Amino acid sequence: MEEFHCINHPDRQAVHQCTRCGKPLCDECYNPETQTCRQYCNTLSTKPTLDPRPKNTFWQVIVALLAIVGALALLLATICGAMIYSY
């Protein structure tokens, strides 16, 4: 049977596995509270996640304006339709 070694300490036998990334870990590198790696995944879980792409406010404004114009057009069509069918 194959023996796994810690990803950070190749001379040590891995006795745990990170539940987030699946890396084999020794006792020193494993955090039993979060069941993750102390070096990488444990720090990721405490930091807020960052969006890799910056938000483009120009396109957000364009989409919002198109939604408003569409809603006004629908409201106008409803009012005109009600006026036509009421006579």
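**Q** Can you break down the packing of aromatic side chains residue by residue, with the values?
**A** Aromatic rings in a pair are described by how distant their centres are and how their planes are angled relative to each other. Within this structure, the stated rule accounts for one aromatic pair. On the numbers, 5.1 Å between centres and 75° between planes, the contact of Phe58 with Trp59 is edge-to-face. For Trp59, a relative accessible area of 53% corresponds to the exposed category.

**Q** For the environment of Cys41, give the residues involved together with the corresponding values.
**A** Among the structural elements, Cys41 can be located in helix α1 (residues 41–46). In this structure Cys41 comes out as buried when scored by relative accessible area, which is 2%. Spatially, the C-alpha atom of Cys41 lies 9.7 Å from that of Asn31, the residues being ten residues apart in sequence. Among residues more than four places away in sequence, those in contact with Cys41 are Cys18, Arg20, Cys21 and Thr36.

**Q** An account of unusual backbone geometry is needed here, citing residue identities and associated values.
**A** Phi is positive for Gln35, close to 60°, though the residue is something other than glycine. By the secondary structure assignment, Gln35 is in the loop between β3 (30–31) and β4 (36–37). Given the relative accessible area of 40%, Gln35 is considered partly exposed.

**Q** An account of the pattern of salt bridges is needed here, citing residue identities and associated values.
**A** Throughout the structure, instances matching the rule amount to one salt bridge. When the shortest N-O distance is used, the salt bridge between Glu28 and Arg12 registers 2.6 Å. One end of the pair, Glu28, is in the loop between β2 (24–25) and β3; the other, Arg12, is in the segment before β1 (16–17), with 16 residues separating them in the sequence.

Criteria and cut-off values
Residues numbered from 1 in each chain as written. Predicted model: local features only at pLDDT ≥ 70, side-chain atom pairs only at ≥ 80, totals over all residues. Heavy atoms only, no water. Phe/Tyr/Trp six-rings, centres within 6.5 Å; stacked < 30°, edge-to-face > 60°. Buried < 20%, exposed > 50% of the residue type's maximum accessible area, 1.4 Å probe, protein only. Helix = DSSP H or I, 4+ residues; strand = E, 2+ residues; numbered from the N terminus. Contact = heavy atoms within 4.5 Å. Salt bridge = Lys/Arg side-chain N within 4 Å of Asp/Glu carboxyl O.

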